Amino acid sequence: MLAFSTLSFVYLRYFTIILVALCSFMVGFDLMENGSELPSSANLMLIYLMYKYFYAIDMMLPISLVFAIIASLVELIRSNALAAYFALGYSKNKIMMPFLSVASGLIGIYIALHATNFARANEFADNLRETSEFIRPTSNLFFTHEGNYIYFGNLYPLSKRAEDIRIFTFEHGTLKEALSAKDAVYDNGYWNISKAHLIRPPSELDLKASGIVVEDKENLKVLHDFKPKILDQVYEGKVNFTIGDGIDALKLLKNQNVDVAKITSAMYRIFVTPWFAPMLMVIFFTYAPVSSRFLNISFFSFGAILVTLLVWGVLFMLGELANNKTLSPEIGVIGPILLLSGVMFWRLGNPLRRVRVKSR
């Protein structure tokens, strides 16, 4: 228990230092680039910095987990603490357990944060910089729902309101009804229209048939379960979904003939991609020498950092390709993680690579 708490403290100390340093560097670089465009209000500037820090944590937390194990191993090796733990009878699994337990717990918190607006921190920060508002209205939305074609002139996600509504209803490829309204409000799972203007073309193109029917209706309910956030994010091509919004979008759109690859990719990147960190931690541990006499520690740390950056960069690149639908989510996100897990299990299962310390 003492060894568990000691190793956990060493790991958490390095993780905190590295995460704060990387996030501060990222936010500082953003300030140098966009400082002249920030709002003049001190309150808005502080909120902007807060959201940018959240975004930096979103980007840097997984890689900080790996850098922290590298720093921890270097300290343990140089102080001969690692050799001492082996000499006292601690197995490799027991020594790795504190690092993996802490990392897994932090990844769990990291994933849980994506159920909140933490996932949209960068969007909020950019909106503050450009318009001094958290969420700016989305204009000229055109989408389909249950065979209908819908147009929203302006969508206000925060107030759950839309302006300049047009709904075109088709049956078997024929226009049956055209609805227009000035505004609509989302409430109780429906978009509620207080007053709408309807136009129905004649069912048959015949001189003796009835002409166009025009009427006004009140208190209409349309677009069941089409939440404003889903409209704003899915049809604007955004990928910064919260977990709830992503799941709702998948449930709603799976039968709407809408390509949900981007949503699936975003969900995979939340739930799957962060686990590359524990896998790299295990791989590096299997390569770590017991003592600095057996390997150049500077060379080991340099190689581990380089491999971490390369793996992180490749995962980020493939994830972006999956978001842009160049690759399928399974190939762009799941595939690299499965490959990395295969390397991890190979390293753990290779008896020639296991670290053994024999007492004299």
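Predicted model only: the values in this text are computed from it and were never measured.

Points about the overall build of the protein chain
Thought 1: Across its full length, the protein chain carries 11 helices and 6 strands.
Thought 2: Whereas a compact globule of 360 residues would reach a radius of gyration of roughly 21 Å, the protein chain reaches 27 Å, over 25% beyond that.
Thought 3: Summarising its shape, the C-alpha atoms of the protein chain cover approximately 105 × 50 × 35 Å along the three principal directions.
Thought 4: Split into buried and exposed, the 360 residues of the protein chain put 43% on the buried side.
Thought 5: Counting only contacts in the protein chain whose residues sit at least 6 apart along the sequence, the fraction spanning at least 24 positions is 61%.
Thought 6: When the accessible surface of the protein chain is split by element, carbon and sulfur atoms take 61% of a total near 19,200 Å².
Thought 7: One finds the centroid of the 33 positive side-chain charges in the protein chain at a distance of 17 Å from the centroid of its 29 negative side-chain charges.

Here we look at the sheet that holds strand 5 (residues 190–200)
Strands pair in a sheet through their backbones, by hydrogen bonds, and they do so in one of two ways: parallel or antiparallel.
Thought 1: Pairing in this open sheet of 6 strands is antiparallel, and the strands run 1-2-3-4-5-6 from one edge to the other. In this open sheet, the two strands that pair with only one neighbour each are strand 1 (138–145) and strand 6 (213–222). Within this sheet the neighbouring strands show an average axis-to-axis angle of 20°, counted without direction.
Thought 2: Inspection of the sheet shows strand 4 (residues 174–187) paired to strand 5 by 6 bridges, in the antiparallel sense. By the bridge assignment, Leu-179 is partnered in strand 5 with Leu-198.

Some points on the packing of helix 2 (residues 42–78) against helix 10 (residues 297–323)
Geometrically, a packed helix pair is captured by the angle between its two axes and the distance between the axes.
Thought 1: Close contact between helix 2 and helix 10 brings their axes to 11 Å; oriented N to C, the two are set at 165°. Regarding the angle of helix 2 to helix 10, the classification is roughly antiparallel. For the element pair helix 2 and helix 10, the recorded crossing hand is right-handed. Each of Met-59, Met-60, Ile-63, Val-66, Phe-67, Ile-70, Leu-73, Val-74, Ile-77 and Arg-78 in helix 2 lies in contact with helix 10, whose residues at this interface are Ile-297, Ser-298, Phe-300, Ser-301, Ala-304, Ile-305, Thr-308, Leu-309, Trp-312 and Phe-316.

Quick notes on the confidence of the model for the protein chain
Thought 1: Mean pLDDT for the protein chain: 84, with 90% of residues reaching 70 or above.
Thought 2: Predicted confidence for residues 351–360 stays below pLDDT 50, and this span has 11 contacts to residues more than four positions away or in other chains.

A few points about the nonpolar core
Thought 1: Grouped together as the largest cluster of nonpolar side chains are 85 residues, with contacts concentrated most on Tyr-11, Leu-65, Phe-152, Trp-191 and Phe-226.
Thought 2: Not counting chain neighbours up to four residues away, the residues in contact with Phe-152 comprise Ser-139, Asn-140, Leu-141, Phe-143, Ala-162, Glu-163, Asp-164, Ile-165, Trp-191, Leu-223 and Leu-231.

As for the environment of Arg-136
Thought 1: Structurally, the position occupied by Arg-136 is in the loop between helix 5 (121–131) and strand 1.
Thought 2: A relative accessible area of 37% means that Arg-136 is categorised as partly exposed.
Thought 3: Among residues more than four places away in sequence, those in contact with Arg-136 are Asn-127, Glu-130, Thr-131 and Pro-157.

As for the packing of aromatic side chains
Thought 1: Taken as a whole and judged by the stated rule, the model has 10 aromatic pairs.
Thought 2: Considering the side-chain rings of Tyr-51 and Phe-54, the 6.4 Å spacing of their centres and the 75° angle between planes classify their relative orientation as edge-to-face. Of this pair, Tyr-51 and Phe-54 both sit in helix 2, separated by 3 residues, roughly a single helical turn.
Thought 3: Owing to a relative accessible area of 14%, Tyr-51 belongs among the buried residues under this scheme.
Thought 4: Relative to Phe-124, the ring of Tyr-51 lies with its centre 5.4 Å away and its plane at 70°, an arrangement referred to as edge-to-face.

Quick notes on the pairing of strand 1
Thought 1: Pairing geometry for strand 1 and strand 2 (residues 148–156), over 7 bridges, is antiparallel. Within strand 2, the position partnered with Phe-143 by the bridge is Ile-150.
Thought 2: Hairpin connection between strand 1 and strand 2: a loop of 2 residues separates the two successive antiparallel strands, and Glu-146 in this loop has a positive phi of roughly 50°.

Examining the pattern of salt bridges
Thought 1: For the structure shown, the criterion picks out 12 salt bridges.
Thought 2: Between Arg-161 and Glu-163 there is a salt bridge whose closest N-O contact spans 2.8 Å.
Thought 3: Overall, Arg-161 belongs to the partly exposed group, its relative accessible area being 29%.
Thought 4: Take Glu-163: its relative accessible area is 24%, and that puts it in the partly exposed class.
Thought 5: Of the charged contacts, one joins Glu-320 and Arg-269 as a salt bridge, the two residues approaching to 3.1 Å between their closest N and O atoms. One end of the pair, Glu-320, is in helix 10; the other, Arg-269, is in helix 8 (residues 261–271), and 51 residues separate them in sequence.
Thought 6: Of the residues examined, Glu-320 reaches a relative accessible area of 32% and is grouped as partly exposed.
Thought 7: Salt bridges sharing common partners tie together Asp-30, Glu-37, Lys-52, Asp-126, Arg-129 and Glu-130.

Observations regarding the packing of helix 2 against helix 9 (residues 276–287)
Thought 1: Direction vectors running N to C along helix 2 and helix 9 enclose 20°, while the axes themselves pass 8 Å from each other. When the axis of helix 2 is compared with that of helix 9, the two are roughly parallel. Relative to helix 9, helix 2 is oriented so that their crossing is right-handed. On helix 9, the residues touching Pro-62, Ile-63, Leu-65, Val-66, Ile-69, Ile-70 and Leu-73 of helix 2 are Phe-276, Ala-277, Leu-280, Met-281, Phe-284 and Phe-285.
Thought 2: Residues of the contact of helix 2 with helix 9, tallied by class, amount to 13 nonpolar, no polar and no charged.

Each value, and the rule that gives it
- Residues numbered from 1 in each chain as written.
- Predicted model: local features only at pLDDT ≥ 70, side-chain atom pairs only at ≥ 80, totals over all residues.
- Heavy atoms only, no water.
- Helix = DSSP H or I, 4+ residues; strand = E, 2+ residues; numbered from the N terminus.
- Rg over C-alpha atoms; globule rule 2.2 N^0.38 Å.
- Buried < 20%, exposed > 50% of the residue type's maximum accessible area, 1.4 Å probe, protein only.
- Contact = heavy atoms within 4.5 Å.
- Areas by Shrake-Rupley, 256 points an atom, 1.4 Å probe, with all protein chains shown as cover.
- Lys, Arg positive; Asp, Glu negative; His and termini not counted.
- Charge placed at Lys NZ, Arg CZ, Asp CG, Glu CD.
- Pairing = 2+ DSSP bridges.
- Axes fitted to C-alpha atoms, helices over the stretch in contact; angles between N-to-C directions.
- Parallel < 35°, antiparallel > 145°, perpendicular 65-115°, else oblique.
- Left-handed = near helix turned anticlockwise from the far one by under 90°.
- pLDDT = per-residue confidence, 0-100.
- Core = buried A, V, L, I, M, F, W, Y, C linked by side-chain atoms within 4.5 Å.
- Phe/Tyr/Trp six-rings, centres within 6.5 Å; stacked < 30°, edge-to-face > 60°.
- Salt bridge = Lys/Arg side-chain N within 4 Å of Asp/Glu carboxyl O.
- Nonpolar A, V, L, I, M, F, W, Y, C, P; charged D, E, K, R; others polar.

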